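Topology and contacts: notes
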Amino acid sequence: MTDCGCTKAQEELEEFLHNELSAEQCQDIRDHLANCDDCSAEHLVGVTLSTKVKEACREKAPDELRDMILGALELKATAISGRRGDASADGRPGRRSTGVR
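Given the structure is predicted, the values throughout are model-derived calculations rather than measurements.

Our next topic: the overall build of the protein. Broken down by element type, the protein carries five helices and zero strands. Traced from its N-terminal end to its C-terminal end, the protein shows the element sequence α-α-α-α-α. Across the 101 residues in the protein, those meeting the buried criterion constitute 18%. Sequence separation of at least 24 residues holds for 48% of the intrachain contacts in the protein that already meet a minimum separation of 6. On the protein, roughly 8,400 Å² of surface is accessible, and the fraction owed to carbon and sulfur atoms is 53%.

One finds C4, A9, L13, F16, L17, L21, C26, I29, L33, C36 and C39 forming the largest nonpolar core, which totals eleven residues. When residues of this core are traced back to their parent elements, those giving at least two are helix 2 (13-17) and helix 3 (23-35). Beyond its immediate chain neighbours, meaning those up to four positions away, F16 contacts L21, C26, I29, R30, L33 and H43.

When you line up the elements, T7 lands in helix 1 (residues 6-11). Overall, the relative accessible area of 54% leaves T7 in the exposed class.

The next thing to look at is the confidence of the model for the protein. In the predicted model, the protein carries a mean pLDDT of 83, and 80% of its residues have values of at least 70. Counted against residues more than four places away or in other chains, residues 88-92, with its pLDDT under 50, gives three contacts.

Moving on to a nonpolar patch on the surface. A cluster of nonpolar residues, L65, M68, I69, L70 and L73, forms a patch on the protein surface that exposes about 460 Å² of accessible area. Here L73 lies in helix 5 (residues 63-83).

In this section: the pattern of salt bridges. Working definition: two side chains of opposite charge can pair if their charged atoms are close together. For the structure on display, the rule yields two salt bridges. A salt bridge links E55 to K52; the shortest N-O distance between them is 3.9 Å. On the criterion of helical spacing, the pair formed by E55 and K52 is a turn pair, its members being three residues apart in helix 4 (residues 37-57). For E55, a relative accessible area of 38% gives the class partly exposed. Residues D63 and K60 are paired through a salt bridge, measuring 3.6 Å at the closest nitrogen-oxygen approach.

Cut-offs applied
- Residues numbered from 1 in each chain as written.
- Predicted model: local features only at pLDDT ≥ 70, side-chain atom pairs only at ≥ 80, totals over all residues.
- Heavy atoms only, no water.
- Helix = DSSP H or I, 4+ residues; strand = E, 2+ residues; numbered from the N terminus.
- Buried < 20%, exposed > 50% of the residue type's maximum accessible area, 1.4 Å probe, protein only.
- Contact = heavy atoms within 4.5 Å.
- Areas by Shrake-Rupley, 256 points an atom, 1.4 Å probe, with all protein chains shown as cover.
- Core = buried A, V, L, I, M, F, W, Y, C linked by side-chain atoms within 4.5 Å.
- pLDDT = per-residue confidence, 0-100.
- Patch = residues over 30% accessible without salt bridge, like charges linked within 9 Å, V, L, I, M, F, W, Y side chains within 5 Å.
- Salt bridge = Lys/Arg side-chain N within 4 Å of Asp/Glu carboxyl O.

Below, the structure written as structure tokens:
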């Protein structure tokens, strides 16, 4: 059983929460959390926050909002395509405007 200390536990807490540490590093932090109320409280905050974020990401936007956003994106894409000069009035490829006449 190794206790990594508060500094190391706090520095690596985010990686620990996301299982991005080696098994040995995780065990060191677990050992520390078992004996440190301050770091355990910080860990609980991290776990709670991660859980809430995951839950929020599962929510779906209302269909009306989704349709409105998709419609706006389509209009923007059409406008961008038109500005590129995809075709002139006579059907020939257009030219970009340089702003100079």
